[in-house]
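# Structural features, examined
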Amino acid sequence: MNDLRDLPSVERLATQLGEPHELAVAAAREAVASRRRQVQRGDGSATALLEEAKELFDRLRTPSLARALNASGVIVHTNLGRAPLAPSAVEAAAAVARGYSNLEADLDEGGRGSRQMHVRDLLRELSGAEDALVVNNCAAAVLLAAASMAGDGREIVVSRGQLVEIGGSFRMPEVIEASGARLREVGATNRTRLADYEHAIGESTGAILRAHPSNFRMLGFTEEVAVEALCGLGVPVIDDIGSGALAEGMPVLGEEPGVRRSVAAGAALVCFSGDKLLGGPQAGVLVGGEDPIARARSHPLARAMRIDKLSLAALEATLRLYREPRRAREEIPVLRMLQAPHEELQRRAGALTDALEAGGVTASVVRSACAAGGGALPLLELEGPAVEVDPSRFAAADVAQRLRLSDPPLIVRLRRGRLLLEVRTLTDDEAVEAARLVADAMREAGRDHGPG
Ligand SMILES: *Cc1c(COP(=O)(O)O)cnc(C)c1O
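Being a predicted model, the structure only gives us computed values, none of them experimental. (Residues numbered from 1 in each chain as written. Predicted model: local features only at pLDDT ≥ 70, side-chain atom pairs only at ≥ 80, totals over all residues. Heavy atoms only, no water.)

### A closer look at the site of the ligand
In the neighbourhood of the ligand, the contacting residues comprise R82, N137, C138, A139, I166, F170, H212, S214, D240, G242, S273 and K276. Here an oxygen atom of the ligand sits 2.4 Å away from a polar atom, N or O, in the side chain of S214. A distance of 2.6 Å separates a nitrogen atom of the ligand from a polar side-chain atom of D240. In isolation the ligand offers 390 Å² of accessible surface; the protein chains occlude 94% of this area. Among the elements of the structure, α6 (138-150) and β7 (237-242) are those that each provide at least two residues to the shell around the ligand. Tallied by class, residues from the shell around the ligand come to 4 nonpolar, 5 polar and 3 charged. (Near = heavy atom within 4 Å. Polar contact = N/O pair within 3.5 Å; in protein donor to acceptor, adjacent residues only side chain to side chain. Areas by Shrake-Rupley, 256 points an atom, 1.4 Å probe, with all protein chains shown as cover. Helix = DSSP H or I, 4+ residues; strand = E, 2+ residues; numbered from the N terminus. Nonpolar A, V, L, I, M, F, W, Y, C, P; charged D, E, K, R; others polar.)

### Observations regarding the sheet that holds strand β8 (residues 269-273)
Pairing is mixed across the open sheet formed by 7 strands, whose spatial order is β3-β9-β8-β7-β6-β4-β5. Lying at the two open borders of the sheet, with one neighbouring strand each, are β3 (131-135) and β5 (182-186). Ignoring which end each strand starts from, the neighbouring axes of this sheet average 25° apart. Looking at chain direction, strand β4 (residues 155-159) and strand β6 (residues 205-211) are connected through 4 bridges and run parallel. When the sheet's bridge partners are listed, V157 is paired in β6 with I208. (Pairing = 2+ DSSP bridges. Axes fitted to C-alpha atoms, helices over the stretch in contact; angles between N-to-C directions.)

### A look at the nonpolar core
In terms of nonpolar packing, the biggest core is built from 58 residues, with L123, F272, V287, L319, Y322 and L338 touching the most fellow members. Beyond its immediate chain neighbours, meaning those up to four positions away, V287 contacts L123, S127, A129, D131, A132, V259, V263, A268, L269, V270, F272 and I293. (Core = buried A, V, L, I, M, F, W, Y, C linked by side-chain atoms within 4.5 Å. Buried < 20%, exposed > 50% of the residue type's maximum accessible area, 1.4 Å probe, protein only. Contact = heavy atoms within 4.5 Å.)

### Thoughts on the pairing of β7
Within a regular strand, side chains alternate between the sheet's two faces. Most of β7 is tucked away: 6 of the 6 residues are buried. By the alternation rule, side chains of β7 split into V237, D239 and I241 and I238, D240 and G242, which are all buried. Taken together, the 4 bridges between β6 and β7 define a ladder with parallel strand orientation. Bridge assignment links I208 to a residue of β7, and that residue is V237. With 4 bridges joining them, β7 and β8 adopt parallel strand pairing. Residue pairing in the sheet places D240 in a bridge with C271 of β8. In the classification by handedness, the crossover that spans β7, the intervening helix α10 (residues 259-265) and the parallel β8 is right-handed. (Right-handed = clockwise from strand over helix to strand, strands pointing away.)

### Description of the pattern of salt bridges
Per the stated rule, a full pass over the model turns up 36 salt bridges. In this structure, R184 and E155 form a salt bridge, with 3.4 Å as the shortest nitrogen-oxygen distance. With a gap of 29 residues between them, R184 in strand β5 and E155 in strand β4 connect regions that are remote in the sequence. A relative accessible area of 32% means that R184 is categorised as partly exposed. Residue class for E155 comes out buried when judged on its relative accessible area of 9%. Here E344 and R336 are joined by a salt bridge, their closest N and O atoms 3.4 Å apart. Relative accessible area serves as the criterion here: at 39%, R336 is assigned to the partly exposed category. By sharing partners, the salt bridges in this structure join R336, E344, R347, R348 and D428 into a single network. (Salt bridge = Lys/Arg side-chain N within 4 Å of Asp/Glu carboxyl O.)

### What about the sheet that holds strand β13 (residues 413-415)?
The strand order β2-β10-β11-β14-β13 describes an open sheet built from 5 strands, whose pairing is mixed. The open sheet terminates on both sides in strands that have one partner only, identified here as β2 (74-76) and β13. If you compare each strand with its neighbour and ignore which way they point, the axes differ by 45° on average.

### Things to note about the packing of aromatic side chains
Tallied over the entire structure, the rule returns 0 aromatic pairs. It is R191 that lies over the ring of F221; its NZ or CZ is 3.8 Å from the centre. (Phe/Tyr/Trp six-rings, centres within 6.5 Å; stacked < 30°, edge-to-face > 60°. Lys NZ or Arg CZ within 6 Å of the ring centre and 35° of its normal.)

### Let's talk about helix α18 (residues 428-449)
Here α18 spans 32 Å end to end across 22 residues, near enough to the 32 Å set by a 1.5 Å rise per residue. Within α18, the full set of buried residues consists of E430, A431, E433, A434, A435, L437, V438, A439, A441, M442 and A445. Considering only its buried residues, α18 is in contact with β1 (69-70), α16 (342-358), β11 (382-389), α17 (396-404), β12 (410-411) and β14 (418-422). (Expected span 1.5 Å × (residues − 1).)

### Digging into unusual backbone geometry
Following E19, the chain continues to P20 via a peptide bond in cis, the omega torsion being -5°. Along the chain, P20 falls in the loop between α1 (10-17) and α2 (21-40). Cis geometry is found at the peptide bond from D407 to P408, where omega equals 0°. Mapped onto the elements, P408 comes out in the loop between α17 and β12. Notably, R416 is not glycine yet its phi reads approximately 45°, a positive angle.

Spelled out as structure tokens, the structure:
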């Protein structure tokens, strides 16, 4: 087809695509327009118009944000949505999504309340802090903390070893600048002593900020000042601990700074994430003294960072689980995965291998190691069984790409020319699903590459 007159009408093409008609028309219109441009360019490499329209139609009909299977072994995987929620958190979010709720209704008095009331007491109880405030993520919490403590142009004192970058665009010096505060660097990259802080603080100091170097570790000749010593200097301390380890009885969290410790030390504001090791929804939590929290709450930025009702419901449900530490460890997926028993992983790996073999795929149980992810516990290696898949005559990277594009997408690891499926980050049901997806992807590769 190389003549504009040969193009079918949008309406006729749309009827061939099916329902919903509005989307079929949109897809047909785009396909015809693209073909018209092609013909005008004199490009005669005609691909089947109907095929192209079908592809566009499928894309329009399929949601973009959707469930995926994580066989990467990275528990808090930012690209894959960080923390899966506990069942009670999912239910809580669904319940307030379906209908109206008492989000900001004071049911006793019949007037307006604060959405913060749903989590404030829980956070006070769990952290030991005088007061609490939640916003939409930890980056916002840190910005709000800096703005409310020193946004009038006063200084925030930070160790040069803590001017960290937390993923992409969140760099401590830039966050402080954006808050309206001035950054006062102290110490050296590898060593900062209490005396360095002492020399730097004065009239113009608004706060000391401590940032947890979440996603890396410095080894060797290093020194940092403990939160207790910093709090003894008589200047308000903002402690950005990142992940916010709140679980009790979990030695695996040992390396992470705990919320309670910073609160007990007397930090003015402690900031942490809702969807890292806490295992809840995206949220930023501030806990601390009555006065600093009141200042943060009344800062104009607080309104712009307001947490939404779905996240708030899920956060409340997650925090409620922390009241019963054993339940928290069993029901919060991130905590479960961090300490999954070897027998459970072994059983899942065995089942996945059997299902793959039954689908004609060569697989075996091997040893591997998972990571906490989310910038937390960067040195932790959670050893355990994983499933290695022989991609047969196909390139492992090619099969991995097919798996990413499957429905649902399956994210795997590559190791020494093989595919590696970590079972720690899959549920039992997902492992069954993963076996089917791998078998399908291998069949598809066979079709595309022809008989080998
Ligand atoms: C992850 C992290 C943040 C940002 O948290 P988000 O919830 O992703 O906004 C800030 N500070 C530290 C130390 C972190 O580890």
